[in-house]
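Reading the structure
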Amino acid sequence: MTKMEQEIGAQAAALKHTAEVNAAKIAALADEIKKKGIGQIMVAARGSSDNACNYFKYLCEIYAGIPVSFAAPSVLTLYDGALNLKNMAVIGVSQSGAAADVISVIERAKACGGVTAAITNNPDSALSKAAAHSICMDVGEEKSVAATKTYTAQMYLLAMIADALSGGKLTAVLKGVPSLIEQTIAQSADSVKKAAARFVDVENCYVLSRGILYAAGQECSLKIQETTYTHARAYAISDFHHGPFAVVGEGTHIVMLCAAGRAGKDNAEMLSKLTAAGADVTAFTSDETLSDCAARVQIPASDEAIAPFAFVTAGQMFALNLSLARGLNPDSPRGLKKVTITK
C-alpha cells in the first residue's frame, strides 16, 4: 500500500481529531473578529492550501455573509506595496508553515493592527509564530508529497471558522464529514478504479465544476497533474461556456464534478452541450438524474455544504489509481518536494 493510499484512508480520523483539539482556538478567533466588527477577511496561501481557501470563501460568504479576498503576496514581497490591512482578519494557510510569502502577508497584517491567524501542521513554524491565533492541524506527518489528509484538515478547520462566524449554521452538517469520507472510500472505490483505467493513455483533460464544488475541481485537477503528469486544467462550468469551450471536439476528455443541488441545472446543461460536441465525459456525481456520460463515478449524497469533502476524496483516489495504472510512484512525483518555499 502506498503512503498516499494510507493517508487517504486516515482522513476521517484525522478530521475528528483536528476538530477536537482546535474547537476552542477557532471560537476565540471568531469572537475577536466579531468583537472588532471586522467585515472582510483576506486569505493567503499557495497550491492546495489556496484551493482550501476557495472552499472557505464560498462557505464564509454564503453562511456568514463576510466577503473573502485572496492575497497577492508579491504586492509586498516584490513591489514593497504599502498594503493597509488594519480593519481586516487575515488567515495564512500552509501545511508546513514555512511559506515565506504567506508569512509576509501575516506580518504586514499584524503590523497594521489586523487580526491574524495561521493554519499549519507545525505549531513551531514561522507562520504559526507570526500569527496571533495559531491553529495546528495536528494530523501527524504527511509522508506523501501530494497533500491528502492535510488538505482536508485545512478544509475542515476553515469550515469550522465559517461556522463559528455564521453563528453555528454549519455545526450539524460538519459533524457528518468524517463518516462521509469513509462512505466515499467504501462506495466509490470500484467505479474510481474503472474510471482511472480509462485514462491510462490520456494526456490532456479538463476538470469542470460549479459553485461550492469549484475548489474541489481545482484540487482534483492539481492531484491529477502532480501524481500522473496529465495536463489537467480546472474550470468553473460558468467560465467554460465562454472561450474555453472552443477546445472541445470529438474525444476531448472531460471530468465533471456534479453534486445534486443549486448547480444541478447548470451541470445538466453543460453535460448535454459536451455530449453534443463529441466529448468523452467522466462524471463524478451524487446527482442520480445525470446519465448522459461515458463513465460515471457515484459519489455519496450529502448536504451541499460538505459535498466537496466527498468529491475531493474521490479525486484523490482517482489520481492514486491512475498513477499506479501508469506504473508511477504517487508518493514521489518528479520534480516536486514536500515543502516548497516561494517569496
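Before any of the text, the structure's been laid out above.
Below is a summary of the structure that appears in this document.

What counts and how
Residues numbered from 1 in each chain as written. Predicted model: local features only at pLDDT ≥ 70, side-chain atom pairs only at ≥ 80, totals over all residues. Heavy atoms only, no water. Helix = DSSP H or I, 4+ residues; strand = E, 2+ residues; numbered from the N terminus. Polar contact = N/O pair within 3.5 Å; in protein donor to acceptor, adjacent residues only side chain to side chain. Contact = heavy atoms within 4.5 Å. Buried < 20%, exposed > 50% of the residue type's maximum accessible area, 1.4 Å probe, protein only. Salt bridge = Lys/Arg side-chain N within 4 Å of Asp/Glu carboxyl O. Pairing = 2+ DSSP bridges. Axes fitted to C-alpha atoms, helices over the stretch in contact; angles between N-to-C directions. Right-handed = clockwise from strand over helix to strand, strands pointing away.

Here we come to the side chain of Asn 121. With respect to the element layout, Asn 121 can be found in the loop between β4 (115-120) and α6 (126-130). Looking at Asn 121, its side chain comes within polar contact range of the main-chain nitrogen of Val 139, at 3.2 Å. Apart from the residues lying within four places of it in its own chain, the contact partners of Asn 121 are Ser 94, Gln 95, Cys 136, Met 137, Asp 138, Val 139, Gly 140 and Thr 150.

With respect to the helices and strands, the residue Asn 267 is situated in helix α12 (residues 264-276). Judged by its relative accessible area of 1%, Asn 267 falls in the buried class. For Asn 267, the contacting residues outside a window of four places in its chain are Arg 210, Ile 237, Met 256, Leu 257, Cys 258, Ala 259 and Leu 290.

Right, let's talk about the pattern of salt bridges for a bit. For the structure shown, the criterion picks out 7 salt bridges. Residue Arg 198 is joined to Asp 280 by a salt bridge in which the shortest nitrogen-to-oxygen separation is 2.8 Å. Of the two residues, Arg 198 sits in helix α9 (residues 177-198) while Asp 280 sits in strand β9 (residues 280-285), which places them 82 residues apart along the sequence. Across the pair Lys 223 and Glu 219 runs a salt bridge whose closest N-O atoms are separated by 2.6 Å. With a gap of 4 residues between them, Lys 223 and Glu 219 both fall in helix α10 (residues 214-228), about one helical turn apart. By relative accessible area, which is 1% here, Lys 223 ends up buried. Here the residues in one salt-bridge network are Glu 219, Lys 223 and Glu 226, joined through shared partners.

Before going further, it helps to examine the sheet that holds strand β5 (residues 133-136). With respect to topology, 5 strands assemble into an open sheet ordered β2-β1-β3-β4-β5, the strand pairing being parallel. Across the chains shown, the open sheet's two edge strands, defined by having one partner strand only, are β2 (68-70) and β5. Each neighbouring strand pair of the sheet contributes to a mean axis angle of 20°, computed without reference to strand direction. Looking at chain direction, β4 and β5 are connected through 4 bridges and run parallel. Opposite Ala 117, over in β5, you have His 133 as the bridge partner.

Within β9, 6 of the 6 residues are buried, leaving the element largely enclosed by the surrounding structure. Because side chains alternate across β9, one face comprises the buried residues Asp 280, Thr 282 and Phe 284, and the other comprises Val 281, Ala 283 and Thr 285, equally buried. Two elements, strand β8 (residues 253-258) and β9, share 6 bridges in a ladder whose sense is parallel. In the strand pairing of β9, Leu 257 is matched with Phe 284. Regarding the hand of the β-α-β motif, the stretch spanning β8, α12 and β9 is right-handed. Both β9 and strand β10 (residues 295-298) contribute to a ladder of 4 bridges, which runs parallel.

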